[in-house]
Amino acid sequence: MPSHILLPGKFTLRGAVPDDLPSVLSLLADAARWLASQGVRQWPADGFPASRIEPLIETGTMYVLDDGRGAAATVALDGHADPEFWGRDDRPDTARYVHKLAVSRAYAGRGLGEALLDWAGLRAAADGRRWLRLDCSKDNLRLQRYYAELGFRHVRTVDLAHRASGALFERPAGATVTSARTR
């Protein structure tokens, strides 16, 4: 599968490179601040330290949706099943996992998150995986409804005192928003 895909309009999805680190960190920090302003504790209030994002860029699992001027959105996609959430019975190797999905507030509500999730699901299917999985804040019911509307099934909620995240979702790899909405 190519590392670059073209999306309709002015967007290009590509693998993040080291020069993208500041814009990725900025996107994630802006998203974290916005979430906090909505009363959602999902990510660290000031965003992630570079030391958490650099390895994702180095391993080729962080992607940037570029609008021609810079990062409009970002997402990580990999085979890393968080062991505090996904156990052996979940068959973690049958899935790809979405992490650090963030869309610039300037593009909020325009379907970029949906497009990135569709791409991730198609990529998971191309990799021979059965599922696309993600987790979100166990208290963020709005985001949980959003994922359900996009065809994700709530698997369970894991309640760990030291983590805000814990609502686990999956949908079949290869499923898209269009296919979810026509069911």
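Residues numbered from 1 in each chain as written. Predicted model: local features only at pLDDT ≥ 70, side-chain atom pairs only at ≥ 80, totals over all residues. Heavy atoms only, no water.

**Q** Go over the nonpolar core with me, naming the residues and quoting the values.
**A** Within soluble globular proteins, side chains that are nonpolar generally end up buried alongside one another. In this structure, Val 98, Leu 117 and Phe 152 are the most contacted members of the largest nonpolar core, which totals 26 residues. Of all the secondary-structure elements, those providing two or more residues to this core are strand E3 (62–66), strand E4 (71–78), strand E5 (95–103), helix H3 (112–126), strand E6 (131–137) and strand E8 (165–172). A per-element tally of this core places H3 first, with 5 residues. When near neighbours in sequence (up to four residues on either side) are disregarded, Leu 117 contacts Val 98, Leu 101, Leu 132, Leu 134, Tyr 146, Tyr 147, Leu 150, Phe 152 and Arg 171. (Core = buried A, V, L, I, M, F, W, Y, C linked by side-chain atoms within 4.5 Å. Buried < 20%, exposed > 50% of the residue type's maximum accessible area, 1.4 Å probe, protein only. Helix = DSSP H or I, 4+ residues; strand = E, 2+ residues; numbered from the N terminus. Contact = heavy atoms within 4.5 Å.)

**Q** Provide a residue-level description of the packing of aromatic side chains, including the pertinent values.
**A** Considering all chains together, one arrives at 7 aromatic pairs under this definition. On the numbers, 5.7 Å between centres and 65 degrees between planes, the contact of Tyr 147 with Phe 152 is edge-to-face. As far as burial versus exposure is concerned, Tyr 147 and Phe 152 are alike and both buried. Directly above the ring of Trp 34 sits Arg 105, whose terminal nitrogen or CZ lies 3.9 Å from the centroid. (Phe/Tyr/Trp six-rings, centres within 6.5 Å; stacked < 30°, edge-to-face > 60°. Lys NZ or Arg CZ within 6 Å of the ring centre and 35° of its normal.)

**Q** Which residues make up the layout of surface pockets, and what are the values?
**A** The space that makes up the largest pocket amounts to roughly 1,400 Å³. Lining the largest pocket are 46 residues; nearest its centre among them are Leu 35, Trp 43, Leu 101, Leu 143 and Tyr 147. Counting residues per element, the ones that place at least two in the lining of the largest pocket are helix H1 (21–37), helix H2 (50–58), E5, H3, E6 and helix H4 (141–149). Tallied by class, the residues present in the lining of the largest pocket amount to 24 nonpolar, 10 polar and 12 charged. (1 Å grid on protein atoms, 1.4 Å probe; cavity = no way out; pocket = protein on both sides within 12 Å on 5 of 7 lines; lining within 4 Å. Points joined across faces, edges and corners; volume = space filled by probe spheres on them. Nonpolar A, V, L, I, M, F, W, Y, C, P; charged D, E, K, R; others polar.)

**Q** Hey, could you go over H3 for me, with residue numbers and the actual values?
**A** Residues spaced three or four apart along an α-helix point in a common direction, a consequence of the helix completing one turn every 3.6 residues. When the terminal C-alpha atoms of H3 are compared, their 21 Å separation across 15 residues agrees well with the 21 Å that a helix rising 1.5 Å per residue should span. Among all positions in H3, only Leu 112, Gly 113, Leu 116, Leu 117, Asp 118, Trp 119, Ala 120, Gly 121, Arg 123 and Ala 124 are buried. Positive phi appears at Gly 128, one or two residues downstream of H3, with a value of about 80 degrees. (Expected span 1.5 Å × (residues − 1).)

**Q** Can you lay out the pairing of E8 for me, pointing to particular residues and giving the numbers?
**A** Burial analysis of E8 places 7 of its 8 residues in the buried class, which makes it a mostly covered element. When E6 meets E8, the two strands line up antiparallel, connected through 7 bridges. Counted as the bridge partner of Leu 134 is Phe 169 from E8. Where strand E7 (residues 153–157) meets E8, 4 bridges bridge the pair, whose relative direction is antiparallel. From the neighbouring strand, His 154 faces E8, where its bridge partner is Phe 169. (Pairing = 2+ DSSP bridges.)

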